[in-house]
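What the coordinates show
Here is how the chains run, residue by residue.
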Amino acid sequence: MIGKRKIFFKQIVAWCTILTLCLSFIPGYVMAAQESAISLEKAVQTAKTAFNIPKEFSDFTSGYGQYDQHQAWQLRWTSTKEPKGNMYVQVDAQTAEILQMSFWQASKEPATKGNLPVISREEAVEIATELVKSLQPQRMSELKREETGDEIISLTRWSTSTSRIKWTRQVQGVPFPQDGITVNVDNQTGRITGYNFNWTAGDFPDADQAIDLAEVREAWDKAEMLQLQYFYPNTRGTEEPEAERKVMLVYRLVHPSQGILDALTGKPLEFGQGVGIDERASGSLNKMAMDKEEEIVLTPEEIREIEAAGQVVSQKEAETVVERWVTIPEDLTLQSVRLGKDEQRAAEARTWYLGWRNESKEPNDGDVGWVEASVDAINGEVLNFSWGKHEIKEDGQQIKRLNRQEAQEKAEAFLRKIQPELLKQVQLNELQVAEPLRPLVAEQLPLRQYYEYQRIVNGVVFPTNGLSVSVDTTTGEINSYSLRWQQLQFPAPEGILNAAQINKEYLSRQPLILQYMEREGSSQARIIEIPRGNNKEISLVYRPVLVPGQQNEAMCDAKTGTALDRQGKPLAKRPLPYSFTDISGHWAEKEIALLGQAGILGDYGNTFNPERPITVVQFLRALLMLERGVEQVQTLNDQEIIQEATDQGWVKEKLQAGDSINRLLLARWGIRFLDLEQVSKIEGIYTAPYQDFASISVPDHGYVALTWGLGILKGEQGSFRPEQTVTRAQAAVTLVRLLKTQL
């Protein structure tokens, strides 16, 4: 009996083992999917009902995602044969709603010089609206289509052939921009190539309780959102000579609220303790300084020559300077040494970059693993240093750490030693607060505290100059240090706009608009696979929103209020489409209107003047816009346009910007634009059915014949008429025909 029991017990164990092994081979998502309200079969049916899936997309796979108690089926169809393509659909496993769709298929059509839409914006809107009504009929009343009238179509060959139509969720008549529906429609085929649905569950404050705009403006002014600063443009990515770069007075939005006000109280919205600095993500402060410029590294031979000439401190002297402020453990060896130019600091600046590493033994907890530093090779000052050690495992024990005030005392005691005079010329940036270097429970203090002291000149902050220090809160040691100080000429803060004036200028470009916004988390923290979340904390806010045609500004001129980019240059307005008022019924209306939608040939605003002669610079500007895009060309002046067109090889004639052009020039430039000039030079093979073809110079026969054969230019009453002046309407038609040309 006992033997039978043993055998029976062994059988149970064996069967349990087999069952465990079987379960281990079942994907986790399958087990989770079994608990979903919507089966995989139902999800597939939902997707195929909503979208037409090409028969050639025969390879099918599925997946399942889960986050915050929300689940979704992930379906993918792929074509393994030409033309290749794929389609991805995401279906909510609880509600069967389509969350996302993306479609791609290689084009079967031959390439052309441009990307001309077949489907108009209005037609694309109709297609998208029909889809939204079929997928979310119950939510249509809560959606509002965004149509600002500032969308331009791109005609360049490399541009996307997609019309994007977006609906924003409205709650109590107030927009909630992060929620809504976006549909992408291929403007060549009319096919829907993208769909995204996002709908947040949350408690929305009563919009009727919002304070009025006058109170908001008063609160904005009181919060001092914009700060007066000195700004000095850097050299990266610019060709501007050092002598032409000047320190400027600017206003910048620096308030931690990002200019957003609580619509119920008028108080600036608080996102946390300020701007976080995570030194793990960016490496050391030394590396950050090194990466600011594409440094010019000197060879060992050049370094020896410069040292011998006494132009820089020697490598050994640089090492000694670092060791005065940083203890280099004996088991660390100098692994990297470089001497390079640092033109961002000064035109003739030289910097020693030094790095020590421990590569000889297995490190223990608390050991310093590396030290990096840089030294001014001209005056021998330490520019920055940082070091890292292997963290000590706490094993659940609470280690006493310095609080922020205690760590600040350590930081300033160090600065009084290393830069006593400069410390008198800086102030602590109270908005700069370090984030903990790893997750902490509420009562724990961070492992490191970071302090940024900004340079003050004439009572105005110069934020790119100053001193930075981080303190190890367990030992009180200075973990990193950075010095940034430039010898510059600073203009006096005179003749500048006051706070009320600059606020008026700034808010004219981005007025305060009432909106809902989610407070918890960020767009980066959201899980891409599941674009829906649990109940969220929703705030009613007033926030700056750009007016149509306006681009995001980095700062504004303190004297004029003009919007500026990151280099302190006036910010070009975003190109807008033109709706020409004088082309109705014109024979070239269709082509002119198309170019207007692309923001091209708007030389006279919304009046086109179709029968007016087109000038050299007007036509060349349009040609460059077709090649590079409107935004890349709109800021070029007339001479720059002609020079760029000459550099492209299109213009080989001596012309003035305001000259008119004739049909022969139009033929030449069109063929050069299509990169067919070498073909046009072949002699003795060209003819065209023009009565005056024989009178055209032989070198131009190729241009004239090719434009006729490709359908770009046609004659009038059987003649080409090479000297005839080209009108703006004729130029518009020619431009569109050039884009249609198959390559």
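Here's what I pulled together on the structure shown here. (Residues numbered from 1 in each chain as written. Predicted model: local features only at pLDDT ≥ 70, side-chain atom pairs only at ≥ 80, totals over all residues. Heavy atoms only, no water.)

Before going further, it helps to spend a moment on the layout of surface pockets. Considering only enclosed or pocket space, the second largest pocket measures out at about 860 Å³ in volume. For the second largest pocket, the lining is made up of 26 residues, of which S107, E109, S161, D186 and Q188 are closest to its centre. When residues of the lining of the second largest pocket are traced back to their parent elements, those giving at least two are strand 4 (98-105) and helix 20 (728-740). With three residues, strand 4 is the largest single contributor of residues to the lining of the second largest pocket. (1 Å grid on protein atoms, 1.4 Å probe; cavity = no way out; pocket = protein on both sides within 12 Å on 5 of 7 lines; lining within 4 Å. Points joined across faces, edges and corners; volume = space filled by probe spheres on them. Helix = DSSP H or I, 4+ residues; strand = E, 2+ residues; numbered from the N terminus.)

This paragraph deals with the pattern of salt bridges. Evaluation of the coordinates by the stated rule reveals 20 salt bridges. Residues E627 and K113 are paired through a salt bridge, measuring 3.4 Å at the closest nitrogen-oxygen approach. Taken together, the residues E627 in helix 14 (residues 616-628) and K113 in the loop between strand 4 and helix 4 (121-135) connect sequence positions 514 residues apart. In this structure E627 comes out as partly exposed when scored by relative accessible area, which is 22%. Notably, a salt bridge pairs D700 with R668, separated by 3.0 Å at the nearest N-O pair. Of this pair, D700 sits in the loop between helix 18 (677-680) and helix 19 (701-709) while R668 sits in helix 17 (residues 663-673), and the two are 32 residues apart along the sequence. (Salt bridge = Lys/Arg side-chain N within 4 Å of Asp/Glu carboxyl O. Buried < 20%, exposed > 50% of the residue type's maximum accessible area, 1.4 Å probe, protein only.)

Among the surface-exposed residues, K590, K714, R737 and K740 lie close enough to one another that they form a single positively charged patch. The residue K714 is located in the loop between helix 19 and helix 20 in this model. Classification of K714 as partly exposed rests on a relative accessible area of 42%. (Patch = residues over 30% accessible without salt bridge, like charges linked within 9 Å, V, L, I, M, F, W, Y side chains within 5 Å. Areas by Shrake-Rupley, 256 points an atom, 1.4 Å probe, with all protein chains shown as cover. Lys, Arg positive; Asp, Glu negative; His and termini not counted. Charge placed at Lys NZ, Arg CZ, Asp CG, Glu CD.)

With that settled, the discussion passes to the environment of T327. Position of T327 among the secondary structure elements: in the loop between helix 9 (315-325) and strand 14 (333-341). Linking T327 and W387, residues 60 residues apart in sequence, is a C-alpha distance of 9.8 Å.

Another point: the nonpolar core. Counting residues in hydrophobic clusters, the biggest one holds 61 residues, and the most contacted among them are L155, I600, L601, F619 and I661. When contributions to this core are tallied by element, the ones reaching two or more residues are helix 13 (589-597), helix 14, helix 15 (630-633), helix 16 (638-647), helix 17, helix 19 and helix 20. With nine residues, the top contributor of residues to this core is helix 14. What L155 contacts, discounting residues up to four positions off in sequence, is G114, N115, L116, P117, L594, L595, A598, I600, L626 and L739. By size, the runner-up hydrophobic cluster in this structure holds 39 residues, among which are L339, L383, L423 and W485. (Core = buried A, V, L, I, M, F, W, Y, C linked by side-chain atoms within 4.5 Å. Contact = heavy atoms within 4.5 Å.)

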